[in-house]
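Per-entry structural report
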Amino acid sequence: MDNQKLKYSEISLQSTNLNIKALTKENSSVLFNLYSDANIQKYTDIERLRSLSDTQKFIDTENKEADNQDLIFLGIFSRATKDFLGTISLFNIDQKHSFASLGFQLVKDYWGRGIMHESLNHFIKFVFEELKFHRIEAQTYIGNERSINVLDRLGFTKEGQLRQNFLIEGKYQDSYLYSILRTEFLKSPL
Ligand SMILES: CC(C)(COP(=O)(O)OP(=O)(O)OC[C@H]1O[C@@H](n2cnc3c(N)ncnc32)[C@H](O)[C@@H]1OP(=O)(O)O)[C@@H](O)C(=O)NCCC(=O)NCCS
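This section reports on the structure supplied with the text. Source: prediction; values computed, not measured.

Bridge analysis of strand β3 (residues 72–78) against strand β4 (residues 84–94) gives 6 bridges, and the strand direction is antiparallel. Looking at the pairing, G75 lines up with T87 of β4. Taking the residues between adjacent antiparallel strands as the criterion, β3 and β4 are bridged by 5 residues, where K82 takes a positive phi near 70°. Bridge analysis of β4 against strand β5 (residues 99–106) gives 7 bridges, and the strand direction is antiparallel. Looking at β5, one finds that G86 is bridged to L106. Between β4 and the antiparallel strand that follows it, β5, lie 4 residues; S98 among them carries a positive phi value of about 60°.

Set out below in structure tokens:
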């Protein structure tokens, strides 16, 4: 794949059970529901969307930024039912040093089924193999056990604890910094 020309909004991946691809305006309502859910907002830094038209603009903006390789923002969909299940993002992309930060959210009804594990396993492989990134980081609030489990299961390493850099429900909380390197994930250098 020629990464110089690849618009990140054109990324489309298929795993055993999932389609992972850019959102369109038709997905505004499901994205709005996900991003308005207190279970999701509590632990993440996601955009606070106030309306459907806000959400449409948000999708548009994300896709434009993805066209410029400034970020990756993709929806997760069931291959069987076509249902929208969640989102994955790669942001703070640093092309010079070849690293970026990972974000992920799943609709609450789909928690506990391994969907995020399958999505990220597939996505991270793509980011390392095809986009040739060297390092992926993830930050998670120290009380976010589900997120910590996801990162542990994927083989991320906990690098340390960041002090009070996460404002949750009006209180500053610590977070963990996790990372994984291409060589670790692919088990051998490209
Ligand atoms: C973080 C979040 C995506 C994790 O969701 P999740 O459902 O726990 O994660 P997965 O989809 O990988 O599923 C893992 C669970 O499915 C189970 N599972 C079932 N089948 C599985 C399979 N084939 N493979 C892996 N896990 C499987 C696992 O045992 C695990 O259950 P457990 O936590 O009870 O042990 C979700 O809690 C969320 O959206 N949280 C709010 C947003 C957020 O915090 N994002 C991260 C910010 S850094």
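Moving on, we come to the sheet that holds strand β8 (residues 171–181). If you trace the 8 strands from one edge of the open sheet to the other, you get β1-β2-β3-β4-β5-β6-β8-β7, paired in mixed fashion. Since the sheet does not close on itself, it has two edges, and those belong to β1 (12–14) and β7 (157–168), each with one partner. On average, each strand axis in the sheet is inclined to that of its neighbour by 25°, with strand direction left out of account.

Attention now goes to the site of the ligand. Around the ligand there are 20 residues in total, and Y43, G114, M116, H117 and R146 lie nearest to it. Along the lines of polarity and charge, the residues of the shell around the ligand split into 9 nonpolar, 9 polar and 2 charged.

Cut-offs and rules
Residues numbered from 1 in each chain as written. Predicted model: local features only at pLDDT ≥ 70, side-chain atom pairs only at ≥ 80, totals over all residues. Pairing = 2+ DSSP bridges. Helix = DSSP H or I, 4+ residues; strand = E, 2+ residues; numbered from the N terminus. Axes fitted to C-alpha atoms, helices over the stretch in contact; angles between N-to-C directions. Near = placed C-beta within 6 Å. Nonpolar A, V, L, I, M, F, W, Y, C, P; charged D, E, K, R; others polar.

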